[in-house]
Amino acid sequence: MNTAALDVPILTRAFIGGEWRTAPRAFTVRTPIDGSTIAEVASCGPDEARAAADAAVAAFDGWRRATAYERAAVLRRWFELMLRDEAPIARLMALEMGKPVAESRGEVRYAAGFVEWYAEEAKRVYGETIPSQFAHKRLLAIRQPVGPAFGITPWNFPAAMVTRKAAPALAAGCTFILKPAEQSPLTALYLAKLWEQAGGPAGVFQVLPALDPAPLARVLIDDPRIRKLTFTGSTEVGRLLYGQASGTLKRVSLELGGHAPFLVFDDADLERAVRESIACKFRNAGQTCVCTNRIYVQQSVLDEFAGRFARAAGELRVGNPLDEATQIGPLVDEQGLRKVEAHVADALARGATATLGGRPRDGRYFEPTVLLDVRPGMRILEEETFGPVAPLLAFRREEDAVAMANDTPYGLAAYLWTRDLGRAFRVAEALEYGIVGVNDGVPSTAQAPFGGVKRSGLGREGGHWGIDEYLDVKYVSLALP
Ligand code: NAD
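Every residue gets a number counted from 1 within its own chain, in the order that chain's sequence is written. For this predicted model, a pLDDT threshold of at least 70 governs which residues receive local features, and a threshold of 80 or more governs which side-chain atom pairs are given and counted, while totals over whole chains, interfaces and linings are taken from all residues. Side-chain measures were taken over the full set of non-hydrogen atoms in the model, leaving aside hydrogen atoms and water.

1. Quick notes on the overall build of the protein chain
Next up, step 1: Secondary structure elements follow DSSP: runs of H or I of four or more residues count as helices, runs of E of two or more count as strands, with numbering from the N terminus. Helix and strand content of the protein chain: 14 helices and 20 strands.
Next up, step 2: Its C-alpha radius of gyration of 23 Å places the protein chain within 12% of the 23 Å reference for a compact globule of 481 residues.
Next up, step 3: Overall, the C-alpha framework of the protein chain stretches about 75 × 65 × 40 Å when taken along its three principal axes.
Next up, step 4: Whether two residues touch is decided by their heavy atoms; if any such pair falls within 4.5 Å, the residues are in contact. For the protein chain, the share of sequence-separated contacts (at least 6 apart) that also reach a separation of at least 24 residues comes to 73%.
Next up, step 5: The charge count includes Lys and Arg as positive and Asp and Glu as negative, but it does not include His or the ends of the chains. To locate a charge, take atom NZ for lysine, CZ for arginine, CG for aspartate or CD for glutamate. Taking the average location of the 56 positive side-chain charges in the protein chain and that of its 58 negative ones, the two points are 4 Å from each other. When we talk radius of gyration, it's over C-alpha atoms, and the globule rule is simply 2.2 Å times the number of residues to the 0.38.

Take a look at the structure:
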């Protein structure tokens, strides 16, 4: 692909200790648009990991001792540079992982929002004083950075998954080593460039792309000087890393897979429910951890909802993610496409019917698909599809809807649509999920807690909960003479 016409800087070296470094090996980053090569990027391994760990440890003392106001000033500049470069970052994202460019611009603003919010929150890392039963004692609880942190991120939000981790870590006074996904290292490297331009000190934020993440990650996870592991990705890899991190008893945060239910009750505003379920299901071609993977509609409104939903889904424009009008781009890779095809084939073979779509198009594209007559046991109801496929199911009673929604090992996001306030509270409280959208299909925002229960993970990102993940509480007991 001729990337020159896109006017996007393509950085291919790792960012270690404030320097742009090559590695003995490189790997090819291809665009999902047509499979052509975009760049050959440094592929870091154990040696680069050790160099980054040394740099992160060396930089930690200075960064933690900088005042919160000094750290906030660097983060603020980083935020402003992200907004300045919203358009090129969005083009880079569309190119490397296929998110439509208009949606990618939204992600850049969302990603920058975490940096802005934590620049402010850096100044509010308050402690507490605790009354003592002894007249001569003063008891204090102070909060301090956990230490150098290591983050691993997925490809589906190449900017936001980086800032949702790095911004609170850096605000807290931690140094941060990032291993971005092999499908989308270019956005992460570009953010490192902006960090450098913002005056971020060497070794405080580092980016190590790698084709084979395991050997690099193992070095950093086994290093006792790295005090925190934060991971976003699949449940399978998260579980593996959780085990590895036990060796050094690291603080661990895991943002893992989801299987979001979307419940539409018969008293819902159907027009809005359709609009928001379309956004919830089809953004990023269905490749987000909070995209609904199963839509339950109360029996009496199922036909009407299904008809409106299929019409709206049929109007979505599938195409080149660099085109401004595109709403659904290609799936990220062949493996992703195969999984979507397999889920649809399995459902159709077991009696489901496709009222819209159901097939791949040329290249990595898959048609927006609506499935009816979906039944328990089908793969699509058990595994994350990560594609533009919406299974619709009926329910009769509120308690049945809740039971079906909770019948999964995952617990990230759930949604419900109703005008009944009592039901809204009842169902929101009964859902075993970390995030519940009530009449809201896109609830995530920088100042709110994001994260899951059950096999969807541990810990929270966003809001004051997000910075707690990078802080230890220290108790100081002071006895007066
Ligand atoms: P993945 O688990 O395959 O990869 C995620 C990251 O882990 C990548 O950077 C990858 O290189 C790295 N990785 C893979 N194997 C590793 C190993 N053995 N050691 C160290 N690092 C390793 O997931 P993916 O397919 O890239 O991302 C999609 C998944 O991420 C989905 O399950 C999605 O639900 C989840 N996700 C969750 C959230 C959330 O906030 N809960 C957000 C976005 C995506």
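2. Topic: the environment of Ala167
Next up, step 1: Examined against the element boundaries, Ala167 turns out to sit in helix H5 (residues 160-172).
Next up, step 2: You can call Ala167 buried: its relative accessible area is 0%.
Next up, step 3: The spatial distance from the C-alpha of Ala167 to the C-alpha of Ile467 is 8.6 Å, given a sequence separation of 300 residues.
Next up, step 4: Dropping the residues within four chain positions of it, Ala167 is found in contact with Leu75, Phe114, Val115 and Tyr118. Classification of residues uses two cut-offs on accessible area relative to the type maximum, computed with a 1.4 Å probe and protein chains only: under 20% is buried, over 50% is exposed, and between them is partly exposed.

3. Remarks on the pattern of salt bridges
Next up, step 1: The rule for a salt bridge is simple: a side-chain nitrogen of Lys or Arg has to be within 4 Å of a carboxyl oxygen of Asp or Glu. The tally for this structure, following the rule as stated, stands at 33 salt bridges.
Next up, step 2: The partner of Arg338 in a salt bridge is Glu341, and the shortest N-O contact between them spans 3.1 Å. Here the residue Arg338 and the residue Glu341 both occupy positions in helix H11 (residues 334-349), the gap between them amounting to three residues, near one helical turn.
Next up, step 3: Accessibility expressed as a relative area gives 44% for Arg338, which makes it partly exposed.
Next up, step 4: A relative accessible area of 22% means that Glu341 is categorised as partly exposed.
Next up, step 5: Across the salt bridge formed by Arg350 and Asp346, the nearest N and O atoms sit 2.9 Å from each other.
Next up, step 6: A network of salt bridges, in which partner residues are shared, links Asp267, Glu398, Arg423 and Arg426.

4. A look at the sheet that holds strand S13 (residues 292-298)
Next up, step 1: Note: two strands are recorded as paired if DSSP finds a minimum of 2 bridges between them. Overall, mixed pairing links the seven strands, which are arranged S14-S15-S16-S13-S12-S17-S18 in an open sheet. At either margin of the open sheet sits one strand with a lone partner, and together these are strand S14 (353-356) and strand S18 (435-438). With direction set aside, neighbouring strand axes in the sheet form an average angle of 25°.
Next up, step 2: Summarising the sheet, strand S12 (residues 260-264) and S13 pair through five bridges and their orientation is parallel. Fitted lines through C-alpha atoms give the axes, limited to the stretch in contact for helices. The angle between two N-to-C directions lies from 0 to 180 degrees.

5. Brief notes about unusual backbone geometry
Next up, step 1: Non-glycine residue Asp373 carries a positive phi angle of around 55°.
Next up, step 2: Considering the arrangement of structural elements, one finds Asp373 in the loop between strand S15 (369-372) and strand S16 (389-395).
Next up, step 3: According to the relative accessible area criterion, Asp373 is partly exposed, its value standing at 41%.
Next up, step 4: In the Ramachandran plot, Asn439 falls in the positive-phi region, its phi being about 55° despite a non-glycine side chain.
Next up, step 5: Looking at where Asn439 falls in the secondary structure, it is placed in the loop between S18 and strand S19 (457-458).

6. Overview of the sheet that holds strand S5 (residues 128-130)
Next up, step 1: In spatial order, the strands read S5-S6-S20; together these three strands make up an open sheet with antiparallel pairing. The outermost strands of the open sheet, each flanked by one partner alone, are S5 and strand S20 (471-479). Across the sheet, the axes of successive neighbouring strands diverge by a mean angle of 25°, strand direction being ignored.
Next up, step 2: Two elements, strand S6 (residues 137-145) and S20, share nine bridges in a ladder whose sense is antiparallel. Of the residues in S20, the one forming a bridge with Ala141 is Tyr475.

7. Focus on the side chain of Glu469
Next up, step 1: Turning to its location among the elements, Glu469 is positioned in the loop between helix H14 (463-468) and S20.
Next up, step 2: Assessed through its relative accessible area of 14%, Glu469 is described here as buried.
Next up, step 3: With near-sequence residues (within four places) excluded, Glu469 lies in contact with Val146, Lys228, Arg251, Val252, Ser253, Gly459 and Arg460.

8. Re the packing of aromatic side chains
Note on aromatic pairs: each is described by the distance of the centres and the angle between the planes.
Next up, step 1: To pair, rings of Phe, Tyr and Trp, with the six-membered ring standing in for Trp, must have centres within 6.5 Å; the planes then decide the type, stacked if under 30 degrees apart, edge-to-face if over 60, and tilted in the middle. Tallying each qualifying case throughout the model produces 14 aromatic pairs.
Next up, step 2: Considering the side-chain rings of Phe265 and Phe395, the 5.2 Å spacing of their centres and the 75° angle between planes classify their relative orientation as edge-to-face. Remark: Phe395 occurs in strand S16 and Phe265 occurs in the loop between S12 and helix H9 (270-282); sequence separation between them is 130 residues.
Next up, step 3: Three or more aromatic residues link up through ring pairs in this structure, and these residues are Trp63, Trp78, Phe176, Trp195 and Phe205.
Next up, step 4: Charges are assigned to positions over rings by a cutoff of 6 Å between ring centre and Lys NZ or Arg CZ, combined with an angular limit of 35 degrees from the ring normal. A cation sits over an aromatic face here: Lys99 above Phe157, 3.9 Å from the ring centre.
Next up, step 5: Over the aromatic face of Tyr470 sits the side chain of Lys228, whose NZ or CZ is 5.1 Å from the ring centroid.

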